[in-house]
Amino acid sequence: MKRRDFLTVSGLGVLGLARYDSAAWREAPADPIIDIHQHVGYSGRSDEALIAHQRAMGATMTVLLPAGRPVDRSSTHQGLSNGLQAQCLGNDACFRLARAHRRAFAFGANEVPDLPDATKEIERYLRRGAVIIAEQKFGVECDSPEMQRIYALAQAHHVPLLMHWQFQMYNYGFERFSGMLEKYPRVNFIGHAQTWWANIDRNHHDQTVLYPKGPVTAGGLTDRYLTDYPNMYGDLSAGSGLNALTRDEGFTRDFLVRHQDKLLFGSDCTDTEGAPPACQGAQTIGVIRRLAASKRIERKLLHDNAKRLLRL
């Protein structure tokens, strides 16, 4: 076969791999990986590119997290955070892609929390099989009546709820969240993003610093939430999670041991490669494999914890 013809056929083969679930995931890697945090339409990425990305990264199951509907109100910062501030698509897009590729994808349910019918919209997709309420990424108080209605819904449907914590931007009142953990002990909350991961350090005082560097002292608020509350979990995804894992590897090794049953792998990356150095998700997998104290802990972080918590 001529080189030009070979490249043409190879290109068509890759496209076919992306399009068909039965072909793309027929041969799973020896070590299964559940990615609890990806998005449809992320920064304009196509469904085909997302499928190829997850396959290249080694994910054997991926949870698609929808945005709420586009609205212009204070909770979306007058529309700035529509699409999770990243062009992410909503409930129906995640539902359709997951249903088209059942072996490779599950889906979540989401809505802007202060819309009058927010819980009704979320419940509609929970009844269709959503495994999580996520990603809650809106400008609201974490203990507001609107958010508490969503917590109560998560409790009623026995699904976890993932929150994006970002100081003065998303989910206000991180320091007060213990009250919600105590009030809703049967809801499994998953923490994510900059403020969540910055606060692993007891010496993190300036909350405007979202990606702190340097040594970490155990006992930060995030560390205490994970230790003190059985219903608090952590999502290792995105640049914030990767930064937390790599800034002090001595701390990280102990952190992964102490919270081995509380941490879940997620990618939350926008690239199309699915491999380092462009792909933060692939980098995070590499760090987990390098720093986990045992193969058993590695498997918990990359697969078992998510399978148990999300009942996948």
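The structure displayed is predicted, hence computed values, not measured ones.

Novice: Any details on the packing of aromatic side chains? Residues and values, ideally.
Specialist: What the rule picks out here adds up to 15 aromatic pairs. On the basis of an interplanar angle of 75° and a centroid distance of 6.4 Å, the ring pair of tyrosine 151 and phenylalanine 177 is categorised as edge-to-face. Here tyrosine 151 is found in helix 6 (residues 145-157), whereas its partner phenylalanine 177 is found in the loop between strand 5 (161-164) and helix 7 (178-183), with 26 residues between them in sequence. With respect to class, tyrosine 151 is no different from phenylalanine 177; both count as buried.

Novice: I'd like a description of the pattern of salt bridges, backed by residues and values.
Specialist: In this structure the tally under the stated criterion is 18 salt bridges. A salt bridge links arginine 299 to aspartate 304; the nearest nitrogen and oxygen atoms lie 3.3 Å apart. Given the relative accessible area of 39%, arginine 299 is considered partly exposed. Salt bridges linked by common partners bring Asp31, Arg289, Lys295 and Glu298 together as one network.

Novice: Could you give me a rundown of unusual backbone geometry, with the residues and numbers involved?
Specialist: The step from alanine 134 to glutamate 135 runs through a cis peptide bond, and the omega angle for that step is 0°. For the bond running from proline 276 to proline 277, omega is 5°, close enough to zero to count as cis. Counting through the fold element by element, proline 277 comes out in the loop between strand 8 (263-264) and helix 12 (280-291). For histidine 158, which is not glycine, the phi dihedral falls at a positive 55°. Along the polypeptide, histidine 158 turns up in the loop between helix 6 and strand 5. One non-glycine residue, asparagine 171, lies in the positive phi region at around 55°. Inspection of the secondary structure assignment puts asparagine 171 in the loop between strand 5 and helix 7. The exposure class assigned to asparagine 171 is buried, which follows from its relative accessible area of 3%.

Novice: Describe the side chain of asparagine 199, with residues and values.
Specialist: Within the secondary structure layout, asparagine 199 lies in the loop between helix 8 (194-198) and helix 9 (221-228). Within polar-contact distance, the side chain of asparagine 199 engages the backbone oxygen of threonine 195 at 2.8 Å. For asparagine 199, the residues in contact, after removing those within four places along its chain, are Phe174, His204, Gln207, Gly220, Leu221, Thr222 and Asp223.

Novice: Any chance you could break down the nonpolar core for me, citing the residues and the numbers?
Specialist: Counting residues in hydrophobic clusters, the biggest one holds 72 residues, and the most contacted among them are Ile133, Tyr151, Met163, Phe177, Phe189, Tyr225 and Met232. With sequence-adjacent residues up to four places away left out, isoleucine 133 is seen in contact with Ala109, Ile122, Leu126, Ile150, Leu153, Ala154, Val159, Pro160, Leu161 and Leu162. Judged by nonpolar contacts, the second largest core, of 16 residues, contains Ile34, Met61, Val131 and Ile132.

Novice: Residues and numbers for the packing of helix 10 (residues 238-246) against helix 11 (residues 249-258), please.
Specialist: Each pair of packed helices can be summarised by the angle the axes make with each other and by the distance between the axes. Axis separation between helix 10 and helix 11 bottoms out at 7 Å; the angle between their running directions is 105°. In this view, helix 10 runs roughly perpendicular relative to helix 11, as classed from their interaxial angle. Of the residues in helix 11, those in contact with Ala244, Leu245 and Thr246 of helix 10 are Glu249, Thr252 and Leu256. Partitioned by chemical class, the residues of the contact of helix 10 with helix 11 number 3 nonpolar, 2 polar and 1 charged.

Novice: So what about the sheet that holds strand 1 (residues 34-38)? Which residues, and what values?
Specialist: Spatial ordering of the open sheet is given by 1-2-3, a layout of 3 strands whose pairing is parallel. The outermost strands of the open sheet, each flanked by one partner alone, are strand 1 and strand 3 (105-107). Taken over all neighbouring pairs, the strand axes of this sheet differ in orientation by 25° on average, direction set aside. Alignment of strand 1 against strand 2 (residues 61-64), held across 3 bridges, turns out to be parallel. Note that in strand 2 the partner of glutamine 38 across the bridge is leucine 64. Running at roughly 145° to strand 1, helix 3 (residues 47-57) makes contact with strand 1, strand 2 and strand 3 of the sheet.

Novice: Explain the side chain of serine 267 residue by residue, including any values.
Specialist: By the element assignment, serine 267 lies in the loop between strand 8 and helix 12. By relative accessible area, serine 267 is classed as buried at 1%. Here glutamine 38 takes part through its side chain, which lies 3.2 Å from a polar atom of the side chain of serine 267. Each residue touching serine 267, except ones within four places of it in the same chain, is listed here: Asp35, His37, Gln38, Gln54, Met57, Ser237, Ala238 and Gly281.

Parameters and conventions
Residues numbered from 1 in each chain as written. Predicted model: local features only at pLDDT ≥ 70, side-chain atom pairs only at ≥ 80, totals over all residues. Heavy atoms only, no water. Phe/Tyr/Trp six-rings, centres within 6.5 Å; stacked < 30°, edge-to-face > 60°. Helix = DSSP H or I, 4+ residues; strand = E, 2+ residues; numbered from the N terminus. Buried < 20%, exposed > 50% of the residue type's maximum accessible area, 1.4 Å probe, protein only. Salt bridge = Lys/Arg side-chain N within 4 Å of Asp/Glu carboxyl O. Polar contact = N/O pair within 3.5 Å; in protein donor to acceptor, adjacent residues only side chain to side chain. Contact = heavy atoms within 4.5 Å. Core = buried A, V, L, I, M, F, W, Y, C linked by side-chain atoms within 4.5 Å. Axes fitted to C-alpha atoms, helices over the stretch in contact; angles between N-to-C directions. Parallel < 35°, antiparallel > 145°, perpendicular 65-115°, else oblique. Nonpolar A, V, L, I, M, F, W, Y, C, P; charged D, E, K, R; others polar. Pairing = 2+ DSSP bridges.

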